[in-house]
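# Coordinates in review
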Amino acid sequence: MSAAMVKSNFWMKTASALVLSAFSTSLVAQEKIDYEAIAKIRKEGRANSQIMKTLHMLTDVHGPRLTGSPKYKAAAEWVVKQTTAWGFENARLEPWEFGHPGWSNDRFSGFVVSPVQDSLVGEVLAWTPGTKGAVRGKAVQIDPPRCTTPPAPAVPAAGGPGGPAVPGRAAAAPAAPARPVCPTLEEVTAALEVLKPKVKGVIVLVGAPTKVPVTLIPSAARNDEEELKRRFDPNNPAPSPFGNPNPTPTPAPGRLNANRIAEMVDEFLVANGALARLNDAGREHGQIRAFNNRTFDIAKAVPTVVLRNEDYGRISRLLAGGSVVELEFNIVNQIHPEGKTSYNVVAEIPGTDKKAEVVMLGGHLDSWHAATGATDNAIGVAVMMEAARIIKAAGLKPRRTIRVGLWGGEEQGLLGSKAYVKEHFGTAENPKPEFATFNGYFNVDSGTGRIRGGSIFGPSEAGVILRDLLAPFEDFGLVGAIATSSRRSGGTDSTSFNEAGLPGIGLGQDPIQYNSHTWHTNLDTYERIVEDDAIKSAIAIAGAVYHMANRDEMLPRFSKDNMPAPPPAPSPSPSPSPSPSPAS
């Protein structure tokens, strides 16, 4: 899932105008279901699963898979080789322009040298430079101006302000997020000017340590069954839990946003000779999320490490107590110029009488670098490869071509899937020939949990079809389907298809510690995968994809007159205007 466009669990990702449809034992599927084929799919998926072998190759051997890095390309090349060995055809890499050199971290070590001696746990920020050998220096903490968010106003109870909740009456809608309070250009510049004498030749902790509360009630590993059924009950009068999210508030005019402040701090540290920068991971139990220098230019940052909250807090407290703290770091990073060109991976099972039409399935192959990218998203790739392998190995003959698509650059903003859609399909407003023969794209990207339902871009009839194709796997926990009319992209690669006006299908899953522990963290490893959940997901997806490929008719789409308008193009952030000088 993408950090550039922060992605939460699937159920919270789908923010749009929605039409709900659900299946239950009392509903009769309208689609033609080939139960003999379903039996073959179940048998092959259970008896000969290749999921964990695929996961091992993508994580232990070729992980992490940061876009533009040699490991990413090696993983992509392995997928081409493996799918060809399984009997897929036309397996290949399709290049697209990333525009930045690749980056990788070869080695990291960090220590507290005095007044105590200990190893430090951290992850290197991507697209930052190495230290050119071990560097040792005093620690200094600075706290430059930053944006703060006022607390949201209290939401009145359903009974009215101060009154008790009334059964059957919905609570008031959550208040819109408050606009952040951010400093001006002059305020940040003045604060950094004061800090100049402190940073030359030292290792700089930027910001106060985050106070991470102890988790007393851990997040549920499974979605509540009754809640899911209510969400997908077409007769439920309760309002949908999905809705249009409030837009992310922006700072007031003349105020800097958080990204620009971060860039100014990096520029300040480079210009004034800091040895290294330390950031606080701000998460519990040693979890670390390390993303990237937003400029992708190592000349615009000093060596930067994200320390676990426990180490960052300890150093901060030692400094606050008056101790002189000395630290040592050794960071070896590499830049890969060839990474400016990245790759998607595609492989096909050719169809028969409708082979010119295509059903796709896939997920993003890239990952962040703090771990080996198992739940995000090697397991999604392994499940989709397995779903297609099952169809092939079971001897089934799809009428339409089934194409696996695995994307790079998802974590930097869905870049690979957007490039693929642009190259092959165009948009509803400016379609290419392949637009007319496209028949849906299934996407997995929410961790190891079994799939529980789906969201498809299209009219309500498309949601009914998806519901019926998932219905044979109700025993696996499949609950229903959602049709959405939103063309807003973000969060995961199915929305790249939605944005173009094509039927992208996002698949929701049980969380299984995804948001709480593994998503983008240093804990995202092979050990966090629940094999049985992944096997069930692959079997259910294989069944739905096969039947989608064998329908007499293509998926219903919005007509030209009913096609929702594409979202407006994002406007560039204006440069901050200096505050006027006070009158003399």
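This report concerns the structure included in the present document. (Residues numbered from 1 in each chain as written. Predicted model: local features only at pLDDT ≥ 70, side-chain atom pairs only at ≥ 80, totals over all residues. Heavy atoms only, no water.)

### A short note on the nonpolar core
Selection criterion: What is meant by a nonpolar core is a set of buried Ala, Val, Leu, Ile, Met, Phe, Trp, Tyr and Cys residues, joined one to another through side-chain atoms within 4.5 Å. Categorising residues by exposure relies on relative accessible area from a 1.4 Å probe, with only protein chains included: less than 20% of the type maximum marks a residue as buried, more than 50% marks it as exposed, and the intermediate range marks it as partly exposed.
In terms of nonpolar packing, the biggest core is built from 69 residues, with Ile-51, Leu-361, Phe-442 and Ile-541 touching the most fellow members. Core analysis: the next-biggest nonpolar cluster, separate from the first, contains 25 residues, Val-124, Val-135, Leu-278 and Leu-307 among them.

### Here's the deal with the sheet that holds strand β3 (residues 102–114)
How we decide: Pairing between strands is defined by DSSP: at least two bridges between them are needed. Where helices and strands are cited, they refer to DSSP runs of H or I of at least four residues and of E of at least two residues respectively, numbered from the N terminus. Here a residue-residue contact requires only that any non-hydrogen atoms of the pair lie within 4.5 Å. Fitted lines through C-alpha atoms serve as axes, helices being fitted only where they are in contact, and the angles separating the N-to-C directions of these axes extend from 0 to 180 degrees.
Ordered in space as β4-β3-β10-β6-β7-β8-β9-β5, the eight strands form an open sheet in which the pairing is mixed. Each edge of the open sheet carries a strand with a single partner, namely β4 (118–119) and β5 (122–124). With two bridges connecting them, β3 and β4 associate as antiparallel partners. Residue pairing across strands places Val-112 opposite Asp-118, the latter belonging to β4. Strands in contact with helix α8 (residues 309–320) are β4, β6 (135–142), β7 (203–206), β8 (276–280), β9 (304–307) and β10 (326–336); relative to β6, the strand with the most contacts, it is inclined by about 80°.

### Some points on the packing of helix α2 (residues 35–47) against helix α14 (residues 531–550)
Test applied: Each angle receives one of four descriptions, namely roughly parallel if under 35 degrees, roughly antiparallel if over 145, roughly perpendicular if within 65 to 115, and oblique otherwise. Here a crossing is taken to be left-handed if its near helix is turned anticlockwise relative to the far helix by less than a right angle, and right-handed if that turn runs clockwise. For this classification, the nonpolar set comprises Ala, Val, Leu, Ile, Met, Phe, Trp, Tyr, Cys and Pro, the charged set comprises Asp, Glu, Lys and Arg, and every other residue, Gly included, is treated as polar.
The contact between α2 and α14 brings their axes to 10 Å, and the two run at 150°. Taken together, the axes of α2 and α14 are roughly antiparallel relative to one another. The two elements α2 and α14 cross, and the hand of that crossing is right-handed. Listed contacts from α14 to Ala-37, Ile-38, Ile-41, Arg-42, Gly-45 and Arg-46 of α2 are Asp-532, Ile-535, Lys-536, Ile-539, Ala-542, Gly-543, Tyr-546 and His-547. Of the residues assigned to the contact of α2 with α14, the class counts are seven nonpolar, three polar and four charged.

### Notes on the pairing of β7
Put simply, side chains in a regular strand alternate between the two faces of the sheet. Judged by which residues are buried, β7 turns out to be covered on both faces: Ile-203 and Leu-205 on one side and Val-204 and Val-206 on the other are all buried. Sheet topology note: the β7/β8 ladder contains three bridges and is parallel. Bridge pairing in β8 places Ile-203 opposite Ala-276.

### Here we look at empty space enclosed by the protein
Under the convention used in this document: Only protein atoms enter the 1 Å grid, on which a cavity is a set of points fitting a 1.4 Å probe that cannot get out and a pocket is an open set with protein on both sides within 12 Å along at least 5 of 7 lines, lining residues being those with an atom within 4 Å of a point. Grid points are joined across faces, edges and corners, and a volume is the space filled by probe spheres set on the points.
Within the structure shown, the criterion is met by four cavities of 30 Å³ or more. Its boundaries defined by the atoms lining it, the largest cavity holds a volume of some 50 Å³. Together, Ser-367, Trp-368, His-369, Ala-370, Ala-371, Gly-373, Asp-376, His-520, Thr-521 and Asp-524 line the largest cavity. The residue makeup of the lining of the largest cavity, split by class, is three nonpolar, five polar and two charged. Each pocket or cavity is described by its volume, and for the second largest cavity that value is around 40 Å³. Taken together, Ile-379, Val-383, Val-444, Gly-447, Thr-448, Gly-449, Gln-509, Ala-534 and Ser-537 make up the lining of the second largest cavity. Sorting the residues of the lining of the second largest cavity by element identifies α9 (374–393) and α14 as the ones contributing at least two each. In terms of residue class, the lining of the second largest cavity is made up of four nonpolar, five polar and no charged.

### Section: α14
Our working rule: Expected span, for any helix, means 1.5 Å times one less than how many residues it has.
Taking 1.5 Å of rise per residue, 20 residues should cover 28 Å, and α14 covers 29 Å from first to last C-alpha, within 8% of that figure. For α14, the buried fraction is high: 17 of the 20 residues fall into the buried class.

### Quick notes on the side chain of Asp-493
To keep it simple, the criterion reads: Pairs of N or O atoms are called polar contacts if they sit within 3.5 Å, as long as, within protein, a hydrogen donor faces a hydrogen acceptor (for residues adjacent in sequence, only side-chain-to-side-chain pairs).
When you line up the elements, Asp-493 lands in the loop between β16 (480–484) and α12 (494–500). You can call Asp-493 buried: its relative accessible area is 0%. A polar contact is formed between the side chain of Asp-493 and the side chain of Ser-417, at a distance of 2.5 Å. Once residues lying within four places of it in the same chain are set aside, the contact partners of Asp-493 are Gly-363, His-364, Trp-407, Glu-410, Leu-414, Ser-417, Tyr-441 and Asn-443.

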